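Chain by chain, the residues:
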Amino acid sequence: MNFVDDSVELREVQKLEGHTDRVWGLAWNPATGSAGIPAVLASCSGDKTVRIWRQNPSNGPFQCTAVLEETHTRTVRSCAWSPSGKLLATASFDATTAIWEHSGGDFECVSTLEGHENEVKSVSWNASGSLLATCGRDKSVWIWEVLPGNEFECVSVLQGHTQDVKMVQWHPTVDVLFSCSYDNTVKVWAEDGDSDDWHCVQTLGESNNGHSSTVWALSFNATGDKMVTSSDDLTIKIWGADIIRMQSGGIFAPLPAIMIEQFFQSIGQVLTSKYDREGVIASGAADDAVRLFVESEESKIDGPTYKLLTRKEKAHDMDVNSVQWNSA
Amino acid sequence: MVSGLINANPVVYEKKERRNRTGPSDVDEDIKDPEHPYSLEELKVITEDAIEVDDQRSHVRVTFTPTVEHCSMATVIGLCLRVKLMRSLPSRYKSSLSELVKVNFFYLDIKVDIRVAPGTHATEAAVNKQLNDKERVAAALENPNLVDMVDECLAPSYA
C-alpha cells in the first residue's frame, strides 16, 4: 500500500444490525472473500447468539444468513473459524466452547468443549487447524487436539497466569501459543520437544517493558515476526520476535520479544488491535475510536518507529470491542 | 456470602433535603447499603460532590467511600452505582431490552468510571480495576444472585 498523501480516511460502508446486545467479537471466514466466493463474517454477542453474514453479491451489501442460537446460555465472547473455514468455534461465559459445522447455509453444533470452571473468554485455532486453544476467568489456558469425526481432546491445561486470561492466539507459522491477561502479562507457551509437555517459555511483564494493566488483545503480522498487544493502560505495544530461534526444534529456546514502540491513546482502554497483510495496525478502544498505525519511513538507529495513520472518532456509538481485517 | 455483617454499627448522617434536579448527580439518593436499611447517601458512602460530570466528553466519574476499609461489599456497591446510573439517564437512552437488569452500555453514550475514594479501602486498586473492567462487570451481572442483590439495593431508589 503506498500512501501518497496523508489524507487516509476510514469510511463506513455498512452497518450490520440484528444483535440485541453488545457485539464482542468478529471473525472473517478465511475460505471466503476471494476467487468469486462472497465474504462471510461471524459476529458474537451478549445476546447469546452468533450471527453469520454473507456478502451478496460478491461486492454488494452483507446480509445475515444464519443465527446460531439456543446453544450458549450466556454471552458469546469470542468466535474463530478453523483455517479451512469449515468449522466455527465459539467461546462463551457459560463456560463452554461450541464447535459448529456448516453444510449449505445451515449450521449445526457438532461438539461442546467443557472443562473451564467459569467464563471462557477466547478461542484460537493454530495455523494447520490441528489444535485449538481456549482461556478464561479461571486463569487457565487449555489446549485441545482436533481429532477425526469432530472429536476434541484436551491435551494440556496450562496454569501460570495469576488472573483472568483475556485472549489466546496461536503464532501464524509456528505452533507456539500466546496468551494475555488481567494480570498485565503476556505469556508464551510451547511444547517441550521430548515430552509433549506444554509449558510457559516466556512472560512479558512490566519488568521487560510490558504493560502496566490488563492486556486485552494480541495479534501477529502475517510472517509472525511482529506482535501487537493492546491494554487497559491505554497503550499498544509492538514487539519483535526471532522466528529462527522459535523454529529451531528439539530444545526450545525462549522467544525474545522486545518492545519496539508504544503509543498513548486519549481516553479509552485499548480493547483490540490487529495487523493486516501489509503491516498496518488497526486498533479499537473504549473511546469509541478506530485508529490505524503504520511503520514510519524515517527509521531510527535502534529500530523501526510507528506513526498514527488515521483516527476515526466515534466509529461506533460505544466502545469498539473488536477489529478484524479481511485479508482476502 | 458472609454470615456476619461487615460493619454492624455504621455512623448514620442526616439525609439531605431533596431538591428538584435532573441528571446523573442525583442518582446517589436512596440506594440502599447492602447490609443496612440506610441509604448510601445517609452513610456518606457517596455524596453529591463525589460525582463529576464532564459533559463535553460525555464522561461521568463516581467516587464512593465504603464505610470500613475492608469492606468486601465494595464491588457490589460499585455495581449498584453503575446500574443505577444507567437506569436513571434520560429516557431516550434507556435500553429497549426487557431484561433491564443487565448493565447495557449499548444504547448509552456516556462513559462511566466508578472508583473507591483514595485511601478508603485496603485493596482499592484491586476493587477499582474490577469495577472498571467492562467484561468482568458484564459477566457479574449475568449472575442471578448478584443481580438480585443489586436490585434489592436499588429498589428504594425507584419509589
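This structure is a prediction, so every number in the text was calculated from the model and none was measured.

Of regular secondary structure, chain A possesses one helix and 24 strands. Taking as baseline every contact in chain A between residues at least 6 positions apart, the subset at least 24 positions apart corresponds to 47%. On chain A, roughly 14300 Å² of surface is accessible, and the fraction owed to carbon and sulfur atoms is 46%.

Another aspect to go through is the sheet that holds strand S16 (residues 198–204) of chain A. Residue and element names in this part refer to chain A. Spatially, four strands are ordered S13-S14-S15-S16 in an open sheet, and the strand pairing comes out antiparallel. Each edge of the sheet is formed by a strand with only one pairing partner; in this case those strands are strand S13 (165–170) and S16. Adjacent strand axes in the sheet meet at a mean angle of 25°, parallel and antiparallel pairs treated alike. The pairing of S13 with strand S14 (residues 177–181) spans five bridges and is antiparallel. Bridging from a neighbouring strand, Trp-170 pairs with Leu-177 of S14.

Here we come to the pairing of strand S2 (residues 40–45) of chain A. Residue and element names in this part refer to chain A. Burial within S2 is extensive, with six of its six residues counted as buried. Across five bridges, the pairing between S2 and strand S3 (residues 50–55) is antiparallel. Looking across to S3, one finds that Ser-43 is bridged to Arg-51. Between S2 and S3, which pair antiparallel in sequence order, lie four residues; one of them, Lys-48, sits at a positive phi of approximately 75°.

A word on the sheet that holds S3 of chain A. Hydrogen bonds between backbone groups are what pair the strands of a sheet, and the pairing can be parallel or antiparallel. All names here are of chain A. If you walk across this open sheet you meet the four strands as S1-S2-S3-S4, and the pairing is antiparallel. The open sheet has two free edges, formed respectively by strand S1 (23–28) and strand S4 (62–68), since each of these has just one partner strand. On average, each strand axis in the sheet is inclined to that of its neighbour by 25°, with strand direction left out of account.

This part covers the UniProt feature "repeat: WD" (unreviewed entry) in chain A. All names here are of chain A. The sites that UniProt annotates as "repeat: WD" (unreviewed entry) are residues 16–53, 69–101, 113–146, 158–189 and 208–239. Taken end to end, residues 16–53 has its terminal C-alpha atoms 9 Å apart, with 0% of it in helix and 42% in strand. For the annotated span residues 158–189, helix accounts for 0% and strand for 50% of the residues, and the straight-line distance between the end C-alpha atoms is 9 Å.

Cut-offs used in this document
Residues numbered from 1 in each chain as written. Chains lettered and ligands numbered in written order. Predicted model: local features only at pLDDT ≥ 70, side-chain atom pairs only at ≥ 80, totals over all residues. Heavy atoms only, no water. Helix = DSSP H or I, 4+ residues; strand = E, 2+ residues; numbered from the N terminus. Contact = heavy atoms within 4.5 Å. Areas by Shrake-Rupley, 256 points an atom, 1.4 Å probe, with all protein chains shown as cover. Pairing = 2+ DSSP bridges. Axes fitted to C-alpha atoms, helices over the stretch in contact; angles between N-to-C directions. Buried < 20%, exposed > 50% of the residue type's maximum accessible area, 1.4 Å probe, protein only. UniProt positions renumbered as here; feature names shortened; annotations may be inferred.

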